[in-house]
Amino acid sequence: MWQLQPLTVLLLLVSAALQDADLPKAVVFLDPPWDRVLSEDNVTLRCRGTHPSEDNSTQWWFNGSLISNQEPSYFIASARAEDSGEYRCQTNLSSRSDPVHLKVHRGWLQLQSHRWVYREGDRIQLRCHTWRNQQLHKVTYLKDGKGMMFFHQNTDFYISKAAHNHSGSYFCRGLIGKNNVSSESVNLLVQAPAVPTTPAVPTTSQFFPPWHQIAFCLLMGLLFAVDTGLYFSMQREFRSLMGGLKNHQIKWSRDLQDK
Ligand SMILES: *[C@@H]1O[C@H](CO)[C@@H](O)[C@H](O)[C@H]1NC(C)=O
Ligand SMILES: *[C@@H]1O[C@H](CO)[C@@H](O)[C@H](O)[C@H]1NC(C)=O
């Protein structure tokens, strides 16, 4: 049995590694989905991760430090510039999420979008958000300093099919009363399409990455190796047993002849 010990240790190591790596990553969602907001906006961060049925306690980190909130959602009422930073979360059966960067700007306007990196062919939505949702009119969306779209009333601007040349620096401006106000510029990037094209909504494959399967195959391979090892050692023992018996027989018959 001694020859099985290294394999057993290896198996234990693999299963220990699996237990840790097995946990899907938690994901932080913003509600509403904008990562750039204005002061006094309300923002809710939601943690999506697996947890034991009776325990939905959640850990939250802000700029790397654990915060006291243990609810699955973290509500920021009337955001301030100091709420800007990196948020992460984790539940009991998930590993720590990737960070979500929230930027709270003190100003009149904020250009908003679901994200700032798109794939070619995606639909892009741009939004010109005003402080305390005040009325904005004569709105222009600009790219690299040039007007792209004009609306009399504040309206979201859609680019139905993103192309590489839509990458650039965007901002919006318009009138609040008689005030001519502008947002900060934001860089938007349009990348070549992924192969195969990834849907915009998170899919289960994000929660159960393929190394899960790789680890499974590894485990199966190990079990096979153990099995094969056992088979050959059994065969070897059986043969030596048979060999021993034969020798004994020969010796025995010789003994008989000698008599
Ligand atoms: C944030 O929520 C409060 C309370 O519901 C509301 O009065 C306020 O208008 C909200 N702020 C914005 C900018 O929508
Ligand atoms: C706001 O000011 C810019 C120049 O800074 C001007 O080009 C633009 O026409 C003005 N917008 C409105 C709606 O008056």
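Quick note: structure is the one above.
In short, a report on the structure.

Scoring rules and cut-offs
- Every chain's residues receive numbers from 1 upward, in the order its sequence appears when written.
- Each chain takes a letter, starting from A, and each ligand takes a number, starting from 1, following the order in which they are written.
- Two thresholds apply to this predicted model, a pLDDT of at least 70 for residue-level local features and 80 or more for giving and counting side-chain atom pairs, whereas whole-chain, interface and lining totals are computed over all residues.
- Side-chain figures throughout are based on the complete set of non-hydrogen atoms in the structure, without hydrogens or water.
- Note on definitions: salt bridges are taken to be side-chain nitrogens of Lys or Arg within 4 Å of carboxyl oxygens of Asp or Glu.
- Here a helix means four or more residues in a row that DSSP labels H or I, a strand means two or more in a row labelled E, and each is numbered from the N terminus.
- For every residue, the accessible area (1.4 Å probe, protein chains only) is compared with the maximum for its type, and the residue is labelled buried under 20%, exposed over 50%, or partly exposed between those bounds.
- Strand pairing is defined by DSSP finding a minimum of two bridges between the two strands.
- For helices, the axis comes from a line fit to the C-alpha atoms of the stretch in contact; other axes are also lines fit to C-alpha atoms, and the angle between any two N-to-C directions lies between 0 and 180 degrees.

**Observations regarding the pattern of salt bridges**
If the charged atoms of two oppositely charged side chains come close together, the side chains can form a pair.
And step 1. Taken as a whole and judged by the stated rule, the model has 11 salt bridges.
And step 2. Ionic pairing is found between K103 and E184, a salt bridge with its closest N-O pair at 3.0 Å. Placement of the pair is K103 in strand β8 (residues 100-105) and E184 in the loop between β16 (179-182) and β17 (186-191), with a sequence separation of 81 residues.
And step 3. For K103, a relative accessible area of 33% corresponds to the partly exposed category.
And step 4. Three or more residues are tied together by salt bridges with common partners; here these are R80, E82, D83 and R106.

**Section: unusual backbone geometry**
And step 1. Geometrically, the link from D31 to P32 is a cis peptide bond, its omega value of -5° lying close to zero.
And step 2. Notably, E40 is not glycine yet its phi reads approximately 80°, a positive angle.
And step 3. By secondary structure assignment, the location of E40 is in the loop between β2 (36-38) and β3 (43-48).
And step 4. Phi is positive for N133, close to 50°, though the residue is something other than glycine.
And step 5. Structurally, N133 is set in the loop between β11 (124-130) and β12 (137-143).

**A word on the sheet that holds strand β5 (residues 65-67)**
And step 1. Pairing in this open sheet of 5 strands is mixed, and the strands run β2-β8-β7-β4-β5 from one edge to the other. With partners counted over all chains shown, the strands left at the sheet margins are β2 and β5, one partner each. Strand-to-strand twist across the sheet, computed as the mean angle between neighbouring axes with direction ignored, equals 35°.

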